[in-house]
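# Structural overview
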Amino acid sequence: MTTLYLIRHAEAEGNVFRRLQGHYNAMITPNGRKQIAALAKRFEDVRIDAVYASDLSRTCCTAGAIYLPKRLPLHKDPRFRELYCGDWENLPFGWLEHVDPTRYRAFTGSPRDWHVENSERFGDYTGRFLEAMGEVAERHDGKTVAIFSHGMVMRGVMQCLFFPDRDNLGHSENTAVTKLIYENGQYTLEYFNDDSHIPYEISTLGRQMWWRGGDHRDFNMWYRDPTPDDAALLRELGVAGETERISMIVDHPTGAVALKLLPDDKALLQGLALLPEHRGKGLSEQLLGEAISIARAAGKRLLTAERMPEAPAAAHLLGCYGVTGCGMELVSAADLKEFDRRAE
């Protein structure tokens, strides 16, 4: 008999920047670090014999809640990765709502039927996960194992194992824990997506509305290049730079972000602002996410700020993410030494 804890990664960039992560190697947010600390406390007195994770940074970093204090090695297996989203990788949710609403609804509402260009299908990603989990369970017979993975792929696995007649199992909190017992080739579900260790003030879902259904919703933005008609908007926002992007909700401009790609490994954030009617709604994080995406795609390692935004919320956001001073690191750590250093 093997005891298995399946644990979703802590809050990562895509969860707050409102972008589809998939295999995109997003990093843990400052709030996600608090969730990792809460998870570590939950497992403080729980015996764990082995720790596995997908090879993406957001799971490896979260796994530090268990493998570091218990002085265990971390076994990385790409079969525990999130589903590969193909041509949708790292696209803003707002863009998907705008250009492909039918398939976007299917992504969360009926994942068995969802597929886009170059993406994995339901049977592919659940199959690789189940194969890897079965091998781990057999390898560690009589032991207790923690496996760190991702929301969509684990939801699909639970559908396969326990809820074959349900298309939508809902959404799990970051660092939610599912407990399974494996014996004689069969799995038993002890509990599912338990997040009792996460207080409301650091809950990701607690701050968001999109998953509640009905009339509840968040505002997901998408982005476009400015046109000559946007000159007045950019002046009003006080945003100007080498690379400018206009943020949109449906067909309405909401703000803008600008940055400059420097000759070295840095990108310079030159401006970030929302129109007054769109402030105070938690949208600044999405603008920052667009800047980070552009800089990272250009191969930059650091994002620094030319000046702090005038809006207090935006200025606070940049401070939290470390965009000022030495700059925010844009490249996810590739080896365990980096994770160890950050955990000290």
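Thresholds, definitions, all that
- Residues numbered from 1 in each chain as written.
- Predicted model: local features only at pLDDT ≥ 70, side-chain atom pairs only at ≥ 80, totals over all residues.
- Heavy atoms only, no water.
- Helix = DSSP H or I, 4+ residues; strand = E, 2+ residues; numbered from the N terminus.
- Rg over C-alpha atoms; globule rule 2.2 N^0.38 Å.
- Buried < 20%, exposed > 50% of the residue type's maximum accessible area, 1.4 Å probe, protein only.
- Contact = heavy atoms within 4.5 Å.
- Areas by Shrake-Rupley, 256 points an atom, 1.4 Å probe, with all protein chains shown as cover.
- Lys, Arg positive; Asp, Glu negative; His and termini not counted.
- Charge placed at Lys NZ, Arg CZ, Asp CG, Glu CD.
- 1 Å grid on protein atoms, 1.4 Å probe; cavity = no way out; pocket = protein on both sides within 12 Å on 5 of 7 lines; lining within 4 Å.
- Points joined across faces, edges and corners; volume = space filled by probe spheres on them.
- Nonpolar A, V, L, I, M, F, W, Y, C, P; charged D, E, K, R; others polar.
- Phe/Tyr/Trp six-rings, centres within 6.5 Å; stacked < 30°, edge-to-face > 60°.
- Pairing = 2+ DSSP bridges.
- Salt bridge = Lys/Arg side-chain N within 4 Å of Asp/Glu carboxyl O.

## What to know about the overall build of the protein
Regarding its fold elements, the protein presents 11 helices and 12 strands. The C-alpha radius of gyration of the protein comes to 21 Å, within 12% of the 20 Å expected for a compact globule of 344 residues. Taken over the C-alpha atoms alone, the protein extends approximately 70 × 45 × 35 Å along its principal axes. By residue count, 55% of the 344 residues in the protein fall in the buried class. The contacts in the protein between residues at least 6 apart in sequence include a share of 68% that link residues at least 24 apart. Working note: accessible area of the protein is about 15,400 Å², and carbon and sulfur atoms make up 50% of it. Treating the 41 positive side-chain charges of the protein as one cloud and the 49 negative ones as another, the clouds have centres 3 Å apart.

## Describing helix 7 (residues 151-161)
Counted residue by residue, helix 7 has nine buried out of 11 residues, so it is predominantly covered. Listed in full, the buried residues belonging to helix 7 are G151, M152, V153, M154, R155, G156, V157, M158 and Q159. On the buried face of helix 7, the contacting elements are strand 1 (2-8), helix 5 (101-109), helix 6 (122-139), strand 4 (144-149), strand 5 (177-183) and strand 6 (186-194).

## Section: the layout of surface pockets
Sizing a probe to match a water molecule and rolling it over the atoms shows the empty space that remains. Taken as a whole, the largest pocket encloses approximately 910 Å³ of empty space. Lining the largest pocket we find 45 residues, and of these G282, L283, S284, E285 and L317 sit closest to its centre. Secondary structure elements with two or more residues in the lining of the largest pocket: helix 1 (13-17), helix 2 (30-42), helix 8 (231-237), strand 10 (266-274), helix 9 (284-297) and helix 10 (312-321). For the lining of the largest pocket, the residue count by class is 19 nonpolar, 14 polar and 12 charged.

## As for the packing of aromatic side chains
Overall, the coordinates contain 11 aromatic pairs when judged by the stated rule. For the pair F17 and Y321, a centre-to-centre distance of 5.8 Å together with 35° between the ring planes defines the contact as tilted. With F17 in helix 1 and Y321 in helix 10, the pair connects residues that are 304 residues apart, well separated along the chain. For the pair F17 and Y321, a shared accessibility class is recorded, and that class is buried.

## Some remarks on the pairing of strand 4
Of all six residues that make up strand 4, six are buried, and the element is covered over most of its length. Side chains T144, A146 and F148 project from strand 4 onto one buried face, and the interleaved V145, I147 and S149 project onto a second face that is buried too. Looking at chain direction, strand 1 and strand 4 are connected through six bridges and run parallel. Of the residues in strand 4, the one forming a bridge with T3 is T144.

## Focus on the sheet that holds strand 9 (residues 252-261)
Sheet strands line up and pair through hydrogen bonds in the backbone, either parallel or antiparallel. With mixed pairing, six strands are arranged side by side in an open sheet as 7-8-9-10-11-12. Each edge of the sheet is formed by a strand with only one pairing partner; in this case those strands are strand 7 (222-224) and strand 12 (328-329). As paired elements, strand 11 (residues 302-305) and strand 12 share two bridges and run antiparallel to each other. Bridging from a neighbouring strand, L302 pairs with E329 of strand 12.

## Some words on the pairing of strand 5
Most of strand 5 sits out of view: six of its seven residues are buried. With six bridges connecting them, strand 1 and strand 5 associate as antiparallel partners. Note that in strand 5 the partner of T2 across the bridge is Y182. Sheet analysis places strand 5 next to strand 6, joined by six bridges and oriented antiparallel. Bridged to L180 within strand 6 is L189. Between strand 5 and strand 6, which pair antiparallel one after the other, the connecting turn spans two residues, and N184 there sits at a positive phi close to 55°.

## Brief notes about unusual backbone geometry
The phi torsion of most residues other than glycine is negative, and most of the peptide bonds are trans. A positive phi angle, near 70°, is found at N118, a position not held by glycine. Here N118 shows up in the loop between helix 5 and helix 6. A positive phi angle, close to 55°, is found at N184, a residue other than glycine. Mapped onto the elements of the fold, N184 is located in the loop between strand 5 and strand 6.

## Digging into the pattern of salt bridges
For the structure shown, the criterion picks out 14 salt bridges. Among the ionic pairs, D49 bridges to R47, the shortest N-O distance being 2.8 Å. Note that E117 is salt-bridged to R103, the shortest N-O span being 3.4 Å. Linking E117 in the loop between helix 5 and helix 6 with R103 in helix 5, this pair joins segments that are 14 residues apart in sequence.

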